[in-house]
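Residue strings, one per chain:
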Amino acid sequence: MEVCVPPHSSFIQSSSPHRQRESRSCLWSSSPLLCTYGEFQSKYSTNGVTITMSNTLTFDRGWSSRIRFDARCYLSPKEDIQKTHFSYKFQRTNKSSRCILVRSELAEAGTPDSYPISDLKLGSKIRGIFFYGVTSLSAIFLFIIMLGAHPFVLLLDRYRRRAHHLVAKIWATCTVTPFYKVQFEGLENLPKPETPAVYVSNHQSFLDIYTLLTLGRSFKFISKTAIFLIPIIGWAMFLMGTIPLKRMDSRSQLDCLKRCMALVKNGASVFFFPEGTRSRNGKLGAFKKGAFSIAAKTGVPVVPITLEGTGNIMPAGMETILNSGSVRVIIHKPIEGNDAEALCTEARKIISAALDKDE
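Residues numbered from 1 in each chain as written. Predicted model: local features only at pLDDT ≥ 70, side-chain atom pairs only at ≥ 80, totals over all residues. Heavy atoms only, no water.

Colleague: What's the story with helix H3 (residues 162-176) in this structure? I'm lost.
Modeller: Turn by turn, an α-helix covers 3.6 residues, leaving residues three or four places apart pointing in a common direction. Spanning 15 residues, H3 covers 21 Å between terminal C-alpha atoms, matching the ideal 21 Å at 1.5 Å per step. Buried positions along H3 lie against helix H2 (122-156), strand E7 (181-185), helix H4 (207-213), strand E9 (219-220) and helix H5 (233-240). (Helix = DSSP H or I, 4+ residues; strand = E, 2+ residues; numbered from the N terminus. Expected span 1.5 Å × (residues − 1). Contact = heavy atoms within 4.5 Å.)

Set out below in structure tokens:
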């Protein structure tokens, strides 16, 4: 990144060959930065001025970055260095001064090792707009069907709610088909539809839910309570029997686990993202043991699933864009056991190996 800094009164000429001064500097660039205090170490010579600064800048997007500046400013020997040039067009108003070119090095980013995303193209943003348009329109129509069928679903299939999940599969398929291709591997490893199981997967993107719904299995997701307030989508999740969770509430977490165990005992399957949240760098995070405790206590198999590609199409934190690409869903062989710790370790090892192999 290159930033032009106009010379101004914070640089004060001194007869001393070395001078240190703390001053405020406003850096102008294509990405607006906030003013910050920096410690300037100035070394004057006949040829120019060397300026070094090390400080933490706060960007307008809410994240911080440790930036090291190393710059050299060449000035006319006869120019009054104390003169203030406070103008956005300072290069035109005072041509005798050369702007300071600052090359910054990001030593620590706010979201380290993030997905390698190039310049956001206009096409990706347009695709994102159309994506949400398609999913909203199809959700309205299909929600009406789901709402009409709900009394019969509660009466005939209270726990699994297969009719609702069929509607959800149609909705997800209509949404993703125009934008990216989904490839399934290992479908033969899926338990029989009537067999309850605990499904676990890595979590990369907002698109993971859409992708998994196209699988057509009636498993219950776990979702933040705030999502249920979203019109149509949140209401449909409620009708499907999605399990609410307050992440920072220990009582809510305990109630969630109890509800999952009750669903499994009544023949339904549950789905967990053991990482707890989406990965912002594509790397597999640590697994929480809640899902595996349910499997160990109820004696149902754990089905590990690896998702590849969703993080590149719609990276976490960038839900307004949609890049082109394809997604691969790998269903691994079920694992069983009565030791939650061993199940957790084995499932993570399987998913991690598939991700590493793809790299």
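Colleague: Help me out: how do you make sense of the packing of H3 against H5 in this one?
Modeller: How two helices sit against one another is set out by the angle between their axes and by the gap between those axes. At a closest axis distance of 9 Å, the pairing of H3 and H5 adopts a crossing angle of 145 degrees. By crossing handedness, the relation of H3 to H5 is classed as left-handed. Within the contact between the two elements, H3 uses His164, His165, Ala168 and Trp171 and H5 uses Ile233, Leu239 and Met240. (Axes fitted to C-alpha atoms, helices over the stretch in contact; angles between N-to-C directions. Left-handed = near helix turned anticlockwise from the far one by under 90°.)

Colleague: Got a minute to help me understand H2 in this structure?
Modeller: The first and last C-alpha atoms of H2 sit 48 Å apart over 35 residues, in line with the 51 Å expected at 1.5 Å per residue. At histidine 150, H2 shows its maximal bend, which comes to roughly 45 degrees, and the proline proline 151 appears one to four places after that position. Looking at the buried side of H2, the elements it contacts are H3, H4 and H5. (Bend = angle between axes of the 7 residues up to and from the residue.)

Colleague: It is not clear to me how the confidence of the model for the protein should be interpreted in this structure. Could you clarify?
Modeller: Should pLDDT be low for a region, the predicted coordinates there are not to be read in detail. Confidence in the prediction of the protein, expressed as mean pLDDT, is 74, and 66% of residues score 70 or more. Low pLDDT (under 50) marks residues 1-119, which in the prediction has 193 contacts with non-local residues, meaning those over four places away or in another chain. (pLDDT = per-residue confidence, 0-100.)

Colleague: What exactly am I supposed to notice about the UniProt feature "transmembrane region" (unreviewed entry) in the protein here?
Modeller: UniProt's entry tags residues 129-153 and 221-243 with the feature "transmembrane region" (unreviewed entry), counted in the numbering of this structure. With 100% helix and 0% strand, the stretch residues 129-153 has end C-alpha atoms that lie 34 Å from each other. The annotated region residues 221-243 carries 35% helix and 17% strand content, and the separation between its end C-alpha atoms amounts to 6 Å. (UniProt positions renumbered as here; feature names shortened; annotations may be inferred.)

Colleague: Before we go on, may I ask you to explain the sheet that holds E9 in this structure?
Modeller: In a beta sheet, neighbouring strands are held together by backbone hydrogen bonds and run either parallel or antiparallel to one another. What the 6 strands build is an open sheet, ordered E7-E14-E13-E8-E12-E9; its pairing is mixed. Only two strands of the sheet have a single partner each, and these edge strands are E7 and E9. Across 4 bridges, strand E13 (residues 302-308) lies against strand E14 (residues 326-331) in antiparallel orientation. Bridging from a neighbouring strand, threonine 306 pairs with isoleucine 330 of E14. (Pairing = 2+ DSSP bridges.)

Colleague: I keep staring at the packing of aromatic side chains and nothing clicks. Help me out?
Modeller: For any two aromatic rings, the description comes down to two numbers: the centre-to-centre distance and the angle of the planes. Summed over all chains, the structure comprises 14 aromatic pairs. Judged by centre distance (6.3 Å) and plane angle (15 degrees), the ring pair of phenylalanine 287 and phenylalanine 292 falls under stacked. The pair phenylalanine 287 / phenylalanine 292 is uniform in exposure class, with both members buried. Among the aromatic residues, those joined into a cluster by ring pairs are Phe131, Tyr132, Trp171, Phe179, Phe206 and Tyr210. (Phe/Tyr/Trp six-rings, centres within 6.5 Å; stacked < 30°, edge-to-face > 60°. Buried < 20%, exposed > 50% of the residue type's maximum accessible area, 1.4 Å probe, protein only.)

Colleague: Looking at this structure, how should I read the side chain of serine 205?
Modeller: Tracing the backbone shows serine 205 in the loop between strand E8 (198-201) and H4. Here serine 205 falls in the buried class, since its relative accessible area comes to 0%. At 3.1 Å, the side chain of serine 205 forms a polar contact with the backbone nitrogen of leucine 207. Here the side chain of serine 205 touches threonine 310 through a polar contact of 3.4 Å, landing on its backbone oxygen. Every residue in contact with serine 205, bar those within four places of it in the chain, is listed here: Arg278, Thr310, Gly311 and Met314. (Polar contact = N/O pair within 3.5 Å; in protein donor to acceptor, adjacent residues only side chain to side chain.)

Colleague: Where do I start with the packing of H2 against H3 in this structure?
Modeller: Remark: H2 packs on H3, axes separated minimally by 9 Å, with the N-to-C direction vectors making an angle of 170 degrees. Taken together, the axes of H2 and H3 lie roughly antiparallel to each other. The residues of H3 that touch H2, namely those facing Phe131, Val134, Thr135, Ser138, Ala139, Leu142, Ile145, Met146, Ala149, His150 and Val153, are Ala163, His164, Val167, Ala168, Ile170, Trp171, Cys174 and Thr175. Split into classes, the residues belonging to the contact of H2 with H3 amount to 14 nonpolar, 5 polar and no charged. (Parallel < 35°, antiparallel > 145°, perpendicular 65-115°, else oblique. Nonpolar A, V, L, I, M, F, W, Y, C, P; charged D, E, K, R; others polar.)

Colleague: Got a minute to help me understand unusual backbone geometry in this structure?
Modeller: Among all residues save glycine, negative phi is the norm, and among peptide bonds the norm is trans. Unlike most non-glycine residues, arginine 161 shows phi in positive territory, near 55 degrees. Take arginine 161: it is sitting in the loop between H2 and H3. With relative accessibility at 12%, the residue arginine 161 sits in the buried group. With a phi angle near 65 degrees, isoleucine 232 is a residue other than glycine that sits in the positive phi range.

Colleague: Looking at this model, I keep getting lost on the pattern of salt bridges. Mind explaining?
Modeller: Under the counting rule described, the total for this entry stands at 5 salt bridges. Here arginine 328 ties to glutamate 185 by a salt bridge, and the two come within 2.9 Å at their closest N and O atoms. With arginine 328 in strand E14 and glutamate 185 in strand E7, this residue pair connects regions lying 143 residues apart in the sequence. The partly exposed category is assigned to arginine 328, whose relative accessible area is 21%. Residue glutamate 319 pairs with arginine 278 through a salt bridge whose shortest N-O separation is 2.5 Å. Of the two residues, glutamate 319 is situated in the loop between helix H8 (310-313) and E14 and arginine 278 in the loop between strand E12 (269-272) and helix H7 (290-298); the sequence distance between them amounts to 41 residues. Look at arginine 278 and you get partly exposed, because its relative accessible area is 30%. When salt bridges with common partners are traced through the structure, they connect Glu185, Glu308 and Arg328 into a single cluster. (Salt bridge = Lys/Arg side-chain N within 4 Å of Asp/Glu carboxyl O.)

Colleague: Would you mind going over the environment of arginine 127 with me for this structure?
Modeller: Mapped onto the elements of the fold, arginine 127 is located in helix H2. With relative accessibility at 25%, the residue arginine 127 sits in the partly exposed group. Sequence separation between arginine 127 and leucine 322 is 195 residues; the distance between their C-alpha atoms is 5.5 Å. Sequence-distant contacts of arginine 127, defined by excluding residues within four places in its chain, comprise Phe179, Leu322, Asn323 and Ser324. At 3.0 Å, the side chain of arginine 127 and the backbone oxygen of leucine 322 are in polar contact.

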